[in-house]
Amino acid sequence: MSQEPWRCSLWLFLFLSHGVASYSVPDSQDLHPLLQKMAEEIIDGSYLNALLDLIQFQSSHVWTADLSHRVLAYLNSRNVAFTIPSLKAAMENLLEQRLYQPQKLLEDLRGTDAQQFHTAMKYLLEDKKDRLELDDIIIDLGEVRKQALQSPGVNRSLFLITLERCFQVLNPLDCVEILGRVLRGSSGRFLQPDITEMLPRDLREDAFKNLSALFKDLYDQTSAHAQRAVYCWMTGVLKTSSNVTDDSFSWVSAENLWILGRYMVHLPFEEIMRISPMEIGLFISYDNATKQLDTVYDVTPELAQAFLERISSSNFDMRNTSTIHRLGLLVCFYDDLELLDAAVAQVLLHQMIKCSHLRGFQAGVQKLKAELLEIATENQTLNETLGSLSDAVVGLTHSQLESLSPEAVHSAISTLNQVSGWARSQVIILSAKYLAHQKVLSFYNISQMGVLLAGVGTQAFHAMDRRDLMQLLRSATSLHVSDLSPAQQHAVLSKVIEAGDTASGIVKIQGAFFKEVSLFDLWREPGFNSTVLKEKEIRRSQALFLFELLSKTTRRPEELLSAGQLLKGVTCPHIDAMSADSFLAHFQYFENNFSLLSPYQVNCLAWKYWEVSRSSMPPFLLAALPARYLASIPASQCVPFLISLGKSQLDSLVLDSHKKNSILKKVQQCLSHTIADEYTVDILGNLLCHLPAAVIRRGLSPRAWATALRGLRDCLDLSPQQKAALRLRLLEQHGLPQNWTAETAKDLESFLVLFSGDELSSVATKFPDILQQTASKMAGTLPPKEFLQAVFESVRNSSAEKPSSDPSPGCHGIMAPSSDDIIKLAEANACWAPEDLLCLEEDTFLRSVELLGAVRSFSLAQLRKLKEKAVQVWDIPSSWREYHIVSLGRIALALNESELEQLDLSSIDTVASLSQQTEWTPGQAKSILQGFLEDSGYRVQDLKSFHLVGLGAALCAMNITEISLIKILEFRVVVARIGTLLCSTQVLAEFKRKAEVVFGEPTEWSSFVLQELGTIAAGLTKEELRMLDKDLMPYFQPSAIKCLPDEIFKELSAEQIASLGPENAAAVTPAQRRQLSMLQLQSLQRAIDGAKARSWLDAPPSASPARTPSSLSPPGAWVSRGLGLGYLLLVLMPKLVW
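Because the structure is a prediction, the values reported are computed rather than measured.

**Observations concerning the overall build of the protein**
Phase 1 of the analysis: Each helix and strand in the protein was counted, giving 70 helices and two strands.
Phase 2 of the analysis: Per-residue burial for the protein yields a buried fraction of 55% across its 1138 residues.
Phase 3 of the analysis: Contacts in the protein between residues at least 24 apart in sequence constitute 72% of all its contacts with a sequence separation of at least 6.

**Remarks on the pattern of salt bridges**
Opposite charge on two side chains permits pairing when their charged atoms draw close.
Phase 1 of the analysis: Counted by the stated rule, this structure contains 50 salt bridges.
Phase 2 of the analysis: Ionic pairing is found between lysine 37 and aspartate 113, a salt bridge with its closest N-O pair at 2.8 Å. One end of the pair, lysine 37, is in helix α3 (residues 33-44); the other, aspartate 113, is in the loop between α7 (102-110) and α8 (114-125), with 76 residues separating them in the sequence.
Phase 3 of the analysis: Notably, a salt bridge pairs lysine 515 with glutamate 537, separated by 3.4 Å at the nearest N-O pair. Here lysine 515 is found in the loop between α30 (486-496) and α31 (519-524), whereas its partner glutamate 537 is found in the loop between α32 (530-533) and α33 (540-551), with 22 residues between them in sequence.
Phase 4 of the analysis: By relative accessible area, lysine 515 is classed as partly exposed at 32%.
Phase 5 of the analysis: Several salt bridges converge on common partners, so that one network encompasses Lys37, Glu41, Asp53 and Asp113.

**Some words on the packing of aromatic side chains**
Phase 1 of the analysis: All told, the structure shown has 23 aromatic pairs when counted by the stated rule.
Phase 2 of the analysis: Between phenylalanine 587 and phenylalanine 590, the ring centres sit 6.4 Å apart and the planes meet at 45°, which makes this aromatic pair tilted. A residue pair is termed a helical-turn pair when its members lie 3 or 4 positions apart in one helix, as phenylalanine 587 and phenylalanine 590 do in helix α36 (residues 580-592) at three residues. Judged on exposure class, the residue phenylalanine 587 and its partner phenylalanine 590 are both buried.
Phase 3 of the analysis: For the ring pair tryptophan 740 and phenylalanine 755, a centre distance of 5.5 Å and an interplane angle of 80° mean the geometry is edge-to-face.

**Some points on the environment of lysine 944**
Phase 1 of the analysis: Mapped onto the elements of the fold, lysine 944 is located in the loop between α56 (922-936) and α57 (945-951).
Phase 2 of the analysis: We classify lysine 944 as partly exposed; its relative accessible area is 34%.
Phase 3 of the analysis: Distance in space between the C-alpha atoms of lysine 944 and valine 974 is 9.9 Å, their sequence separation being 30 residues.

**Considerations on the state of the cysteines**
Phase 1 of the analysis: Scanning the model with the defined rule gives seven disulfides in all.
Phase 2 of the analysis: Two residues, cysteine 166 and cysteine 175, share a disulfide whose sulfurs are 2.0 Å apart. Disulfide cysteine 166-cysteine 175: the torsion about the S-S bond is -90°, which places it as left-handed.
Phase 3 of the analysis: Free cysteine: cysteine 1043, not disulfide-bonded; nearest cysteine sulfur from cysteine 983 at 8.5 Å.

**Some thoughts on the packing of α3 against helix α5 (residues 65-77)**
Between two packed helices, both the angle of their axes relative to each other and the distance between the axes serve to describe the pair.
Phase 1 of the analysis: Direction vectors running N to C along α3 and α5 enclose 50°, while the axes themselves pass 10 Å from each other. On the basis of the axis angle, α3 is oblique to α5. Note on packing geometry: the crossing formed by α3 with α5 is right-handed. Here Leu35, Gln36, Met38, Ala39, Glu40 and Ile43 of α3 come into contact with α5, specifically with Leu67, Val71, Tyr74 and Leu75.
Phase 2 of the analysis: Among the residues forming the contact of α3 with α5, the class breakdown is eight nonpolar, one polar and one charged.

**Points about α36**
Phase 1 of the analysis: Here α36 is 13 residues long and its end C-alpha atoms lie 19 Å apart, about the 18 Å a rise of 1.5 Å per residue gives.
Phase 2 of the analysis: Bending of α36 peaks at approximately 40° at the position of histidine 586.
Phase 3 of the analysis: For α36, every residue scored as buried is listed here: Ala580, Ser582, Phe583, His586, Phe587 and Phe590.
Phase 4 of the analysis: Each element contacted by the buried residues of α36 is listed here: α34 (557-561), α35 (572-577) and α37 (599-613).

**So, the environment of histidine 673**
Phase 1 of the analysis: Topologically, histidine 673 is positioned in the loop between α40 (657-671) and α41 (678-684).
Phase 2 of the analysis: Setting aside residues up to four positions removed in sequence, histidine 673 forms contacts with Gln668, Val695 and Gly699.

**So, the side chain of histidine 398**
Phase 1 of the analysis: Considering the arrangement of structural elements, one finds histidine 398 in helix α23 (residues 398-402).
Phase 2 of the analysis: At a separation of 3.0 Å, a polar atom in the side chain of histidine 398 contacts the side chain of serine 425.
Phase 3 of the analysis: Apart from the residues within four sequence positions on either side, histidine 398 is in contact with Ser425, Ile429, Glu850, Trp874, Tyr883, His884 and Ser887.

**Here's the deal with unusual backbone geometry**
Phase 1 of the analysis: Positioned with a positive phi, leucine 339 is a non-glycine residue whose angle comes to about 55°.
Phase 2 of the analysis: Position of leucine 339 relative to the elements: it lies in the loop between α19 (321-326) and α20 (342-351).
Phase 3 of the analysis: Given a relative accessible area of 79%, leucine 339 falls into the exposed group.
Phase 4 of the analysis: Here the phi dihedral of aspartate 875 falls at roughly 80°; this positive angle occurs in a residue that is not glycine.

**With respect to a negative patch on the surface**
Phase 1 of the analysis: Taken together, the side chains of Glu897, Glu901, Asp904, Glu934 and Asp935 make up a negatively charged region of the molecular surface.
Phase 2 of the analysis: Those elements that provide at least two residues to the negative patch are α54 (897-902) and α56.

**A short note on the nonpolar core**
Phase 1 of the analysis: Counting 342 residues, the largest nonpolar core has Met264, Leu267, Phe514, Leu645, Phe787, Phe1036 and Leu1060 as the members making the most contacts within it.
Phase 2 of the analysis: Non-local contacts of phenylalanine 514, meaning those with residues more than four positions away in its chain, are made with Ile506, Ile509, Leu522, Phe528, Leu533, Lys536, Glu537, Ile538, Gln542 and Leu546.
Phase 3 of the analysis: In this structure, Leu31, Tyr47, Ala50 and Tyr74 belong to the second largest nonpolar core, which totals 15 residues.

**Regarding α7**
Phase 1 of the analysis: Residues Pro102, Leu105, Leu106, Asp108 and Leu109 constitute the buried set of α7. End-on view of α7: buried residues confined to an arc of 160°, all on one side of the axis.

**Remarks on the confidence of the model for the protein**
Phase 1 of the analysis: Predicted confidence across the protein gives a mean pLDDT of 87, with 90% of residues reaching 70 or more.
Phase 2 of the analysis: In this model, residues 1-25 is a region of pLDDT below 50 whose contacts with residues beyond four sequence positions or in other chains number 68 contacts.
Phase 3 of the analysis: Across residues 1096-1138, confidence stays below pLDDT 50; counting only partners more than four residues off in sequence or on other chains, it has 103 contacts.

**Remarks on the side chain of asparagine 603**
Phase 1 of the analysis: With respect to the helices, strands and loops of the structure, asparagine 603 is situated in helix α37.
Phase 2 of the analysis: Relative accessible area serves as the criterion here: at 6%, asparagine 603 is assigned to the buried category.
Phase 3 of the analysis: Not counting the four nearest positions on each side in its chain, asparagine 603 is found in contact with Ala624, Pro1062 and Gly1090.

**Details of the environment of isoleucine 43**
Phase 1 of the analysis: Among the structural elements, isoleucine 43 can be located in helix α3.
Phase 2 of the analysis: The sequence separation of isoleucine 43 and valine 80 amounts to 37 residues, and the corresponding C-alpha distance is 7.2 Å.
Phase 3 of the analysis: Not counting chain neighbours up to four residues away, the residues in contact with isoleucine 43 comprise Leu75, Arg78 and Val80.

Parameters at a glance
- Residues numbered from 1 in each chain as written.
- Predicted model: local features only at pLDDT ≥ 70, side-chain atom pairs only at ≥ 80, totals over all residues.
- Heavy atoms only, no water.
- Helix = DSSP H or I, 4+ residues; strand = E, 2+ residues; numbered from the N terminus.
- Buried < 20%, exposed > 50% of the residue type's maximum accessible area, 1.4 Å probe, protein only.
- Contact = heavy atoms within 4.5 Å.
- Salt bridge = Lys/Arg side-chain N within 4 Å of Asp/Glu carboxyl O.
- Phe/Tyr/Trp six-rings, centres within 6.5 Å; stacked < 30°, edge-to-face > 60°.
- Disulfide = S-S within 2.5 Å.
- Axes fitted to C-alpha atoms, helices over the stretch in contact; angles between N-to-C directions.
- Parallel < 35°, antiparallel > 145°, perpendicular 65-115°, else oblique.
- Left-handed = near helix turned anticlockwise from the far one by under 90°.
- Nonpolar A, V, L, I, M, F, W, Y, C, P; charged D, E, K, R; others polar.
- Expected span 1.5 Å × (residues − 1).
- Bend = angle between axes of the 7 residues up to and from the residue.
- Polar contact = N/O pair within 3.5 Å; in protein donor to acceptor, adjacent residues only side chain to side chain.
- Patch = residues over 30% accessible without salt bridge, like charges linked within 9 Å, V, L, I, M, F, W, Y side chains within 5 Å.
- Areas by Shrake-Rupley, 256 points an atom, 1.4 Å probe, with all protein chains shown as cover.
- Lys, Arg positive; Asp, Glu negative; His and termini not counted.
- Charge placed at Lys NZ, Arg CZ, Asp CG, Glu CD.
- Core = buried A, V, L, I, M, F, W, Y, C linked by side-chain atoms within 4.5 Å.
- Arc of directions from axis to C-beta.
- pLDDT = per-residue confidence, 0-100.

Here it is, written out as structure tokens:
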């Protein structure tokens, strides 16, 4: 955080320095009383009070030149012995202390008088950019306010003092507005349960409503315990104002329901059932009732049913379309299905689109949708009702979708193209149906497809007219292009960027799609400038090329540094070439886009800052320098260091565990190995995730615990030791799970994976919904087995399913999984016994195959049983269609080589879906490759770029002869994609030989070529590796370093290894290390540590700041020095094979 805005307050003193210090002693009556008071506060060292008095004086008086002299003379008359430097230093120290020790700011504000406090609060409240003008000195109060509201600790102090004093001094409405600003700036984390005890209970009605509205806005950022506390405060005020004394009558009026907003879900069941029919009817008739009910995401089935019952009792017709439209998320629990009309069922289905926003209970929602779908189509065919079934159509099976006519799909396309939740296999079927109705695949046709665009075949895209595809990329439908598979995207690209076409249109490609454009095609496009690149996603090799290209013609650094992801292409020579003034002036562009930078780029920035202005260097950059540079941080600078480092992501900033430990030792040293209070937690920020287990266990004070817990729940990669310490601390603070309240279980849901099976069984018994909702949020992750087992047992214990009365052979007495169970279990489906999975009922398998195919924890035995079930349901693999294969997901891994050979792999889209799996054996990969070549009729030399991309990992199954047959014309546009594959050394070596045809010999490669090649660069020979310029070493991808054979990696010179950069050095494998000499290991350690490759520049730490003379280049000039290597590709391009 910048200290500059706070130091603006130093002008309070500096204005005193105007003039001479030896003025005649004035009569104290000559000085305004407020300025006399200010002077006395300066004498006492109460500088904040003095500043507030100055602001107050300025609000009603004009500052004149003689006032500075009068104040200074008054101070002299009080015989105060001070010098200008000493007073300046005292103020500087105090203001800095208030910035980094905001507890003292809280004490200062508590010590202000009523007028000063009023001034401070008013100053916080105003939006205008206030400026104090004292002669020619300007104090930017607006900037001070902005920085104060961005500081966690200062924000916390302002929040607490507002609660303590504001409502006694200011208009309550103004206090509510101040609380809103502070709370929104803190994402609501200050709202702890005990805070509500400080809230006034006698607020005016308008202030109470505004404060309640603030709490409703922050509902999702508020812990369950704090929600309960806020609810109790709100209901306490509402009950008092309702004047209801008879317990047989409810205090819950229509207006009170509206005021409660989302907090209405905290009403007890009994209280809901006592709401009078008149009041609930009045509430439902409000225009904003629907909007409010649309946001009750955490309503439970029991409470929703209670609300529905009360609404029904108010004489509202629950089958009336208008009423149904008003029910919001309560419609997700609608249960009055007896004798329901088909038209009403369709209305309900349309309203149930919003049910995906519910926190849990999705299995029940799907079951209700299925029942309504059956009613809605009772006397009509699917073809007739398709367009009126809303997103319930997602529940249709493959056979139901196959039964649809092309005409019906065409007629319903305006509904189908907006539905979310389609499985890929369903999209394939519907797209085929829609396109079967069309004679020609044109822009108009595909522009109607929306989310179904991903079902268009790769080959079909390539067969389209180029002008139609160009129009597609410029239209609103281009938003769905990112949903296409890489093979589909390359089919579009290959048509848009046709060889020999001077107007290639690359510049018009937007968003993530742009990342697929090859270096070769970028070179062919002359129309690039920094402006057109701002909204594009750019991979690093593209950025390196484009930055180099554009820096030739751009003299203003900000044009390139502000061009979005182009920043990824800044190199060390670019940074080194900037003058000191230019670097400091433009550093904000790096700081504001830090996530785009590689560890190597950050290391370069850190060295540059150290050399030109180490005294003002952002402390977190010290972490990118060798560990010993941390010694340059004095104890007085610990807090700025912690704040700065806490705002960064340490895991991406420092990749080496030993160096990270050194940094964390410094952090602990700064903390004195303890975290005293919530203010310290605020300072730590992201560093919370790196606290040693001992600090979590014993170093977090009870006062800091609640705030720390909120931060720890976002830590995704805690070590086993940290997890163990956290579990013990949770048990210590919150007791055993069997004693938890629902609020405790909700607040600790992120930590449930830390507990043992026995501990979780209590949660499963008391709060099964909370446990199951937690599991559903973890879809796609790999939670511990004990957690998955607890979820599994919870679902099975609550399941109403019974063993089938007509079981399949071998399934007698087995309670097979139901569709509801599978939805609720998510990753916990991995706990089914293989035999249970084989006993799935056919309809259950058809409705759940995609969900089961996404389970990452299934063993090969489980996958084989699911494959057997697929054969039972769909017949032998030779009869499977594309959508069958696509729907299998990981289940396809159970297909043996013979079964893979039976599949129809004539479509590259089918192969692309299989290549998404990464666990194929070499034999399986070879079967997929051969199956595609045989079924499609293509020879290797016939393969297009999109075929190569679709084959993915199957390319690793090619032999050297086959790779040599791939056309250079196609290979050169998919180099970056092939460079992501982890193939054998022999295969990578052959791809490397093809790369030489495109980019020249390795000695001619530039940084962006090496980056583009990815793992292909691991195919370099010993001789070629030794010949590489050391300055290219940082531009290997880490994956390529890992793929280099040990006996080849050891051929790198010590100088080359020292130049790897932190990221590549950290990627070196233990096996590669064992092959290195002592000198090479020392060089590797230097690279890991972030040392300069050239040792003579790696000077030891010094307290004195260094500054490169700005005369080396004009301020702001972009000096491109030492970049000759970067232009090699531009020189080589005319030689490339066309």
